[in-house]
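# Understanding the architecture of this molecule
Read off the chains here:
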Amino acid sequence: MIRSSSHSIFIDFDSFSSMMSQSFVVFNSASIRVSVVQLFLIRPKYLLSIFESVLRSVLNDQYHYYPKSGPYIRFHGQSIPHISMKEIIETAHLIHGQLYRIDGLAVAISPPVSIAIERTFMCTTCGAYITLKQPNGIVVQPDRCIDSSCPGRRFKHVEDLDKQQLIQYVTVQQLTDEIKGATEAYKLNIELFDDLISTVSVRPGDPITIYGYLNRSYIQIKPGIRPKYKYYFTALDIQKRRKDTEETTISQERKYELLLEIWRNATAANRRIANEQIINIANSFLPIDEKIELASELYFWSHLNISDDFDLITSIRDSFAPNVIGNQYKDLKLALAASLFTSRKPESIEIYPVNNSGSNINNDESLAKSYKIRDVSHILVIGDRATGKLELIKFLKLIVPNIVTTNGPSLTGKGITVGVSKRDPETGEKMMHIGAYIIADGGTLVIDEIDKMRPEYHADLLQPMESLIVEKDVTGFGRQTFNARTGLIGFGNPKNGRWRKGLDLIRNFYIPEYLWSRFDFVFAIVDRYDKDMDKAIATFRGKIRQNKRLPENIRPPFTIDWLRDYIIYTSQEISPVFSEEAIEYLSNEYIEIRQKFNPEKLESAQLAASGRIFEVVGPSITHRNLEGFYRVSIALARMDHSEVVTIKHAKLAVDLFISSLRSINEAVGNDNIVDPGLIQTGRKSIKEKSPWKNSDYKDSRRVEMLLNHLFIDQRIDPLGKDKLIDLIRKVAGETHFATATNSA
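Residues numbered from 1 in each chain as written. Predicted model: local features only at pLDDT ≥ 70, side-chain atom pairs only at ≥ 80, totals over all residues. Heavy atoms only, no water.

### Notes on the environment of Ser642
Summarising the element assignment, Ser642 is placed in the loop between helix H22 (623-639) and strand S27 (644-645). Look at Ser642 and you get buried, because its relative accessible area is 9%. The sequence separation of Ser642 and Ile574 amounts to 68 residues, and the corresponding C-alpha distance is 7.3 Å. One polar contact links the side chain of Ser642 to the main-chain carbonyl oxygen of Val644, over a distance of 2.7 Å. (Helix = DSSP H or I, 4+ residues; strand = E, 2+ residues; numbered from the N terminus. Buried < 20%, exposed > 50% of the residue type's maximum accessible area, 1.4 Å probe, protein only. Polar contact = N/O pair within 3.5 Å; in protein donor to acceptor, adjacent residues only side chain to side chain.)

### As for the state of the cysteines
Under the counting rule described, the total for this entry stands at zero disulfides. Counting only cysteine sulfurs, Cys145 is the nearest neighbor of Cys126, a cysteine outside any disulfide, at a range of 3.5 Å. (Disulfide = S-S within 2.5 Å.)

### Re the pairing of strand S23 (residues 487-492)
Burial of S23 is extensive: six of the six residues sit out of reach of the surface. The two faces of S23 match: Gly487, Ile489 and Phe491 on one face and Leu488, Gly490 and Gly492 on the other face are all buried.

### Things to note about helix H12 (residues 330-340)
A large share of H12 lies buried, amounting to nine of its eleven residues. Of the residues making up H12, those classed as buried are Leu332, Lys333, Leu334, Ala335, Leu336, Ala337, Ala338, Ser339 and Leu340.

### Let's talk about the confidence of the model for the chain
Chain-level pLDDT for the chain is 76 on average; 69% of the residues reach the 70-or-more range. Between residues 691-698, whose pLDDT stays under 50, and residues either more than four places distant or in other chains, the model counts 16 contacts. A low-confidence stretch, residues 712-716 stays under pLDDT 50, and its non-local contacts, those more than four residues away or across chains, total 13 contacts. (pLDDT = per-residue confidence, 0-100. Contact = heavy atoms within 4.5 Å.)

### Quick word on unusual backbone geometry
The phi torsion at Ala321 lies on the positive side, around 45°, for a residue other than glycine. As for its position among the elements, Ala321 is in the loop between helix H11 (312-319) and H12. With phi around 65°, Asn496 is a residue other than glycine that occupies positive phi space. On the secondary structure map, Asn496 appears in the loop between S23 and helix H16 (505-508).

### Topic: the packing of aromatic side chains
This structure, assessed with the given rule, holds 16 aromatic pairs. Both rings, one in Phe13 and one in Phe75, keep their centres 5.3 Å apart while their planes meet at 90°; by these two values the pair is edge-to-face. Here Phe75 lies in strand S5 (residues 72-76) and Phe13 lies in helix H1 (residues 13-19), a separation of 62 residues in the sequence. Ring centres 6.4 Å apart and planes at 35° place the aromatic pair Tyr566 and Tyr569 in the tilted group. Taken together, the residues Tyr566 and Tyr569, both in helix H19 (residues 560-573) and three residues apart, mark about one turn of the helix. Taken as a pair, Tyr566 and Tyr569 share a single burial class, namely buried. Through a chain of ring-to-ring contacts, the aromatic side chains of Phe13, Phe16, Phe40, Phe51 and Phe75 assemble into a single cluster. (Phe/Tyr/Trp six-rings, centres within 6.5 Å; stacked < 30°, edge-to-face > 60°.)

### Brief notes about the nonpolar core
One finds Ile190, Ile316 and Phe320 to be the most contacted residues of the largest nonpolar core, which totals 131 residues. Contact partners of Ile190, with chain neighbours within four places excluded, come to Ile102, Gln168, Tyr169, Val170, Val172, Ile210, Phe233 and Ala235. Core analysis: the second largest hydrophobic core is formed by 19 residues, Val34, Val37, Ile73 and Phe75 among them. (Core = buried A, V, L, I, M, F, W, Y, C linked by side-chain atoms within 4.5 Å.)

### Regarding the side chain of Thr486
The topology assignment puts Thr486 in the loop between strand S22 (478-483) and S23. Judged by relative accessible area, which is 0%, Thr486 ranks as buried. Looking at Thr486, its side chain comes within polar contact range of the main-chain oxygen of Tyr437, at 3.1 Å. Of note is the side chain of Thr486, whose polar atom sits 3.3 Å from the backbone oxygen of Ala440. In this structure Thr486 touches Val376, His378, Tyr437, Ala440, Asp441, Gly442, Gly443, Thr444, Leu445 and Leu468, once residues within four positions along its chain are discounted.

### Considering the pattern of salt bridges
Counted according to the given criterion, the structure contains 15 salt bridges. Ionic pairing is found between Lys452 and Glu449, a salt bridge with its closest N-O pair at 2.8 Å. (Salt bridge = Lys/Arg side-chain N within 4 Å of Asp/Glu carboxyl O.)

### Examining the sheet that holds strand S24 (residues 521-525)
Here we have five strands laid out as an open sheet, ordered S17-S20-S23-S16-S24, and parallel in their pairing. Looking along the sheet, the strands with just one partner apiece sit at the ends: strand S17 (403-407) and S24. Across the sheet, the mean angle separating the axes of adjacent strands is 15° when strand polarity is ignored. The pairing of strand S16 (residues 379-383) with S23 spans four bridges and is classified as parallel. Along S23, the bridge assignment pairs Ile379 with Ile489. Its contacts with the sheet place helix H13 (residues 389-399) against S16, S17, strand S20 (444-448), S23 and S24, and it is angled at close to 155° to S23. (Pairing = 2+ DSSP bridges. Axes fitted to C-alpha atoms, helices over the stretch in contact; angles between N-to-C directions.)

### Remarks on a nonpolar patch on the surface
Nonpolar side chains collect at one region of the surface, where Tyr46, Ile50, Phe51, Val54, Val58, Tyr63 and Tyr65 lie side by side and expose about 700 Å² of accessible area between them. With respect to the element layout, Phe51 can be found in helix H3 (residues 44-61). (Patch = residues over 30% accessible without salt bridge, like charges linked within 9 Å, V, L, I, M, F, W, Y side chains within 5 Å. Areas by Shrake-Rupley, 256 points an atom, 1.4 Å probe, with all protein chains shown as cover.)

### A few points about H3
An ideal rise of 1.5 Å per residue puts 26 Å on 18 residues; H3 measures up with 26 Å between its terminal C-alpha atoms. The set of residues buried in H3 consists of Pro44, Leu47, Leu48, Glu52 and Asn60. (Expected span 1.5 Å × (residues − 1).)

### Overview of the packing of H11 against H12
Where H11 contacts H12, the axes come no closer than 9 Å and their chain directions differ by 105°. Between H11 and H12, the angle is such that the two are roughly perpendicular. Along its contact with H11, which presents Ile313, Ile316 and Arg317, the element H12 presents Lys330, Lys333, Leu334 and Ala337. (Parallel < 35°, antiparallel > 145°, perpendicular 65-115°, else oblique.)

### Quick word on the packing of H22 against helix H23 (residues 647-667)
Remark: H22 packs on H23, axes separated minimally by 8 Å, with the N-to-C direction vectors making an angle of 125°. In this view, H22 runs oblique relative to H23, as classed from their interaxial angle. Read as a crossing pair, H22 and H23 show a hand that is right-handed. Contacts between H22 and H23 involve Asn625, Phe629, Val632, Ser633, Leu636 and Ala637 on the former and, on the latter, His649, Ala650, Leu652, Ala653, Val654, Leu656 and Phe657. Partitioning the contact of H22 with H23 into residue classes produces ten nonpolar, three polar and no charged. (Left-handed = near helix turned anticlockwise from the far one by under 90°. Nonpolar A, V, L, I, M, F, W, Y, C, P; charged D, E, K, R; others polar.)

Take a look at the structure:
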């Protein structure tokens, strides 16, 4: 298969191998007979230069065509040997110059630049023209005239006769699925030249397959010192790939195993959905005798009266990070698991224009406009030190198909989204780099210590978390737009490693106010002093050390491989649709929660029963939380292998939201009130009025702040209490001070 562009001919290496399978090259000096195909794989640069020279001669002699650039011969095809990024970096000194195929993710790109590959000089003495090749863009000048009889040593550069070539560098790193553990991703510079730049148009964030050979050039040549090389991959052709989550497929046999595992343990509702799918999948690969056996098994299981105690959602939750135990982790685990089942493809909603009468114009689809709503869920987990957050991150790495993990303080200059680096040490060009959020497109980004990121990186999170795209003006590259269909899971510790009750959430854990409402769930983990739980954890850790595995009584229902494959399978096969009952339930719950925290209703008998007076100083839940209800309900239905979002899934989504609210409020000391304002801005929206606060005392607020400084923050040594009281007397006076201190 052959295709062509302005300067190149692209040849399928598979077809070329078949055509040249009987062609050999004989080296008479050593009587060696080598296949042409094998020679192409070993020395592609040498043979391509010969083929291109012959092709150029044919164009010049027979067609009188003299191209300034090219023609180039480029190969692609699956028969070209594949090599991983790790292998090519570690064995570069052995395999340079050989033809290979590599897969990677473009993470940085330089602007195209034109360099001279051949320069022409004219001798100022005799007028002779001298053409010299310029290796790797290095300027090479003649030192003598080509005419041996000419004594000239001075030459004039004839720029019009130079042969130029367009060069662009792309930095490619390993695909996220190939990065194991905490190892750093391998990276390699790819050299694109001439019309391949415009033909392929690679952008940062694109998964690509590159066909070419490894090249090297000297970066240091000194007498008596071992020469140093820089390696780069010269691309002959590039093909764009689909994202990992779109490209990863589950075989029919594996789908059959997944569904059968669900079916054998499932309730009647799950069976009805899976039964037909099992039969359809089995028909595609099972022989007739096994089909008969399957039919008998399905008939047996369908008539077996098993308990409805089995719940697929609960089983997946219990299989999530089984080495992290405790009741306070159950809802957190379920929320984290549900976030992995949310769709990474924004759903398009068609909006039709409205005529003068106020009705939609549905008869003309060309007038319809669409906008996208996100189904990706974001979660924030804030916990005391040593409360299992790292174990949760480790488990996420094991089961998420496309995951990128990073650490807030370690983010480099290119940022979390996109930025421009200084001159690349190898290419000498400015490079546009993409950050972790775009690299994780189509997957999940986990940021540990998210509160310790630079302030400008917090601002960069705002747009992609809501719109799933990144639009940014990049210096030297203009306005750039990237997909960022990424679910964000953030982890962090409260200030000083422990929750401090009585303070706002934002004073315990700082991220900007505008980011709080972007998270569907904000969970708090508190290191409670519980004797029974401490004993259970200590025994559990000891059993793991003793037996080198989980205890028998804590065996997860599903394996890690099953969970990983099930996430991929449901994302491709299950598309739940909302039932009317679920929509009605979520609407009623949303209204009820908003009315419950209506400022006009807060002065109720329930709040005033203890004689305490409360006031509203912040927002309640908003439509963003309502959208979160819908997102999580769909994810739970997909987790439950259900094509319909039922009341069960809607109720569970609301319960998870209330559970996250309770965990945060308990962490900051709101034991009797569930304040939704904490997850909107990080500040309390319901506050108790100060008993000594009155309108005729202008300095009462200053008194309150000083007392909080002493009795709540506890930053001042108690031995200095008398000095502080003297200061308050000076500020407030004896009359008001007596009331204030007695109340405190």
